[in-house]
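# Tertiary structure, described
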Amino acid sequence: MQFKQLYGFMRNISNFFANIRPWPVGAIAACLCFAFSNGLQLFDWDELNFAEIAREQFVGGSPLRPRIDYLPFYEKPPLFTTFQWLSYHVFGV
């Protein structure tokens, strides 16, 4: 008896969702997604520093001495910027 009730319930749900149009659902989802996104940043400001460190390592030729404005910058480990420096050498700038 319970299986028949569950099967009927599932058929009713599938019929309900079969009649829903995708465009209004997508429009509502997009509105909810973008409604609260005005406080989010598109990129992190540290990315600018990482790119500048890698560029100065590339220009200066020293991958193990991170610098910003040609002054030493040791607040972050140099592994990520060294990989960027390596990719500058491999792929070009």
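Predicted, not measured: the structure shown is a model, and the values here were computed from it.

Below, the discussion takes up the packing of aromatic side chains. Within the structure shown, the criterion is met by two aromatic pairs. Relative to Phe 80, the ring of Phe 50 lies with its centre 5.3 Å away and its plane at 65°, an arrangement referred to as edge-to-face. Separated by 30 residues along the polypeptide, Phe 50 in helix 3 (residues 46-60) and Phe 80 in helix 4 (residues 79-91) bring together distant segments of the chain. By relative accessible area, Phe 80 is classed as partly exposed at 46%. Here the aromatic rings of Phe 58 and Tyr 88 are separated by 5.8 Å at their centres, their planes lie at 85°, and the arrangement is edge-to-face. With Phe 58 in helix 3 and Tyr 88 in helix 4, this residue pair connects regions lying 30 residues apart in the sequence. Assessed through its relative accessible area of 32%, Phe 58 is described here as partly exposed.

Another aspect to go through is a nonpolar patch on the surface. Residues Leu 79, Phe 83, Leu 86, Val 90 and Phe 91 make up a contiguous nonpolar surface patch of roughly 590 Å² in combined accessible area. Look at Phe 91 and you get exposed, because its relative accessible area is 70%.

It is worth spelling out helix 4 at this point. With 13 residues, helix 4 should reach 18 Å at 1.5 Å per residue; the first-to-last C-alpha distance of 18 Å fits that figure. Taken together, the buried positions of helix 4 are occupied by Thr 81, Thr 82, Gln 84, Trp 85 and Tyr 88. Buried residues of helix 4, seen end-on, are gathered within an arc of 155° and therefore sit on one face of the element. Of the residues in helix 4, the exposed ones pointing more than 90 degrees away from the buried face are Leu 79, Phe 83, Val 90 and Phe 91. Residues of helix 4 that are buried in the fold lie against helix 3. Looking one or two places after helix 4, you find Gly 92, whose phi comes out positive at around 85°.

Before going further, it helps to examine the environment of Leu 64. Mapped onto the elements of the fold, Leu 64 is located in the loop between helix 3 and strand 1 (67-68). With a relative accessible area of 64%, Leu 64 lands in the exposed category. C-alpha separation for the pair Leu 64 and Trp 85, spaced 21 residues apart in sequence, amounts to 9.8 Å.

For the pair helix 3 and helix 4, interaxial distance at closest approach is 8 Å and the crossing angle is 55°. Regarding the angle of helix 3 to helix 4, the classification is oblique. Between helix 3 and helix 4 lies a crossing whose hand is right-handed. In this structure, helix 3 contributes Phe 50, Ala 51, Ile 53, Ala 54, Arg 55, Gln 57 and Phe 58 to the contact, and helix 4 contributes Phe 80, Thr 81, Thr 82, Gln 84, Trp 85, Tyr 88 and His 89.

Conventions adopted
- Residues numbered from 1 in each chain as written.
- Predicted model: local features only at pLDDT ≥ 70, side-chain atom pairs only at ≥ 80, totals over all residues.
- Heavy atoms only, no water.
- Phe/Tyr/Trp six-rings, centres within 6.5 Å; stacked < 30°, edge-to-face > 60°.
- Helix = DSSP H or I, 4+ residues; strand = E, 2+ residues; numbered from the N terminus.
- Buried < 20%, exposed > 50% of the residue type's maximum accessible area, 1.4 Å probe, protein only.
- Patch = residues over 30% accessible without salt bridge, like charges linked within 9 Å, V, L, I, M, F, W, Y side chains within 5 Å.
- Areas by Shrake-Rupley, 256 points an atom, 1.4 Å probe, with all protein chains shown as cover.
- Salt bridge = Lys/Arg side-chain N within 4 Å of Asp/Glu carboxyl O.
- Expected span 1.5 Å × (residues − 1).
- Arc of directions from axis to C-beta.
- Contact = heavy atoms within 4.5 Å.
- Axes fitted to C-alpha atoms, helices over the stretch in contact; angles between N-to-C directions.
- Parallel < 35°, antiparallel > 145°, perpendicular 65-115°, else oblique.
- Left-handed = near helix turned anticlockwise from the far one by under 90°.

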